[in-house]
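# Per-entry structural report
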Amino acid sequence: YDNSDVKSRIVNKGDNNTKFWHNRQFPEENYDGNKRPLTDNIVFDGVETLVPLATQKNPDSIIIIQKKYAELGDKVHKTMEYLAEYNNLKDKLKKATRNWLIRYVGVIKVTYSAKDDEIICKSINPKHLILDPNGSIDSGEYDGEFIGEPMEDSARDLIKKFPKKEKEIREICENKLGSV
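Keep in mind that this is a model prediction, so the values were computed, not measured.

This brings us to the pattern of salt bridges. Tallied over the full model, the rule gives 10 salt bridges. Note that Glu149 is salt-bridged to Lys109, the shortest N-O span being 2.6 Å. Of this pair, Glu149 sits in the loop between strand 6 (147-148) and helix 5 (155-161) while Lys109 sits in strand 1 (residues 107-113), placing them 40 residues apart in sequence. For Glu149, a relative accessible area of 30% corresponds to the partly exposed category. The exposure class of Lys109 is partly exposed, given its relative accessible area of 22%. Between Lys165 and Glu168 there is a salt bridge whose closest N-O contact spans 3.6 Å. With relative accessibility at 42%, the residue Lys165 sits in the partly exposed group. On the basis of relative accessibility, which here comes to 43%, the residue Glu168 falls in the partly exposed class. Shared partners join several salt bridges into a network, and the residues in it are Asp15, Arg103 and Lys127.

The structure is reproduced here in structure tokens:
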């Protein structure tokens, strides 16, 4: 993955676009404290003009269902509206749209939180993902076979989740079960 075109676009070109978005398109030695060369920042202008237009309200949920299940369709529609408000979906969409414009792909992760007993949405910076090196991004759509997100956990919890791998986990962490 490290040498793939997908990572190159998301990380390298995305970092370059981010510098332009922050109006830092010259080498660092050209910036003296808060002083900077005067330039038009068309990247920032373009991104920050489109983001509010694209995310001015929560998207409408469209439920297509047979007439005999109309009551269920209404409940699903109300649940979708509730979850959009609960998750402040508008803000998540702003972050994902900004990532899409700057890093070529926008990601919203949908998970279930046992702690909150609720469906949770998060905007994930695609720079922090592991993507299929054979995948590609076309018009903001990723077509790889997998998406991974690096996560941390203690060795103790990993042993609980993967008891068959206990010996290997203990070796890697040198029996320090609080290790990440």
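What follows continues from the structure just given.
The terminal C-alpha atoms of helix 3 (residues 70-86) lie 24 Å apart, and with 17 residues this matches the ideal 24 Å at 1.5 Å per residue to within 8%. Those residues of helix 3 that sit buried are Gly73, Leu83 and Ala84. Taken end-on, helix 3 shows its buried residues confined to a sector of 100°, consistent with a single buried face. In helix 3, the exposed residues that point more than 90 degrees away from the buried face are Glu71, Lys75, Lys78 and Glu85.

For any two helices packed against each other, one specifies the inter-axial angle together with the distance between the axes. Contact pair helix 1 (residues 5-21) / helix 4 (residues 89-103): the axes reach a minimum separation of 8 Å and the direction vectors enclose 105°. The angle between the axes of helix 1 and helix 4 places the two elements in the roughly perpendicular class. From helix 1, Arg9, Ile10, Val11, Gly14, Asp15, Asn17, Thr18 and Trp21 reach across to helix 4, where they touch Arg98, Ile102 and Arg103. Looking at the contact of helix 1 with helix 4 residue by residue, the classes come out as 4 nonpolar, 3 polar and 4 charged.

Position of Glu81 among the secondary structure elements: in helix 3. Distance from Glu81 to Lys94, taken between C-alpha atoms, is 18 Å for residues 13 residues apart in sequence.

Moving on, we get to a nonpolar patch on the surface. A surface patch of nonpolar side chains, amounting to about 490 Å² of accessible area, comprises Ile63, Ile65, Tyr69, Leu72, Val76 and Met80. Note on placement: Met80 falls in helix 3.

Another aspect to go through is the side chain of Glu118. Within the fold, Glu118 resides in strand 2 (residues 118-124). Among buried charged residues, Glu118 stands out as having no salt bridge; its nearest opposite-charge side chain is Lys92, 13 Å away. Residue contacts for Glu118: discarding those within four places in its chain leaves Tyr82, Leu83, Tyr86, Thr111, Tyr112 and Ser113.

Conventions adopted
Residues numbered from 1 in each chain as written. Predicted model: local features only at pLDDT ≥ 70, side-chain atom pairs only at ≥ 80, totals over all residues. Heavy atoms only, no water. Salt bridge = Lys/Arg side-chain N within 4 Å of Asp/Glu carboxyl O. Helix = DSSP H or I, 4+ residues; strand = E, 2+ residues; numbered from the N terminus. Buried < 20%, exposed > 50% of the residue type's maximum accessible area, 1.4 Å probe, protein only. Expected span 1.5 Å × (residues − 1). Arc of directions from axis to C-beta. Axes fitted to C-alpha atoms, helices over the stretch in contact; angles between N-to-C directions. Parallel < 35°, antiparallel > 145°, perpendicular 65-115°, else oblique. Contact = heavy atoms within 4.5 Å. Nonpolar A, V, L, I, M, F, W, Y, C, P; charged D, E, K, R; others polar. Patch = residues over 30% accessible without salt bridge, like charges linked within 9 Å, V, L, I, M, F, W, Y side chains within 5 Å. Areas by Shrake-Rupley, 256 points an atom, 1.4 Å probe, with all protein chains shown as cover. Lys, Arg positive; Asp, Glu negative; His and termini not counted.

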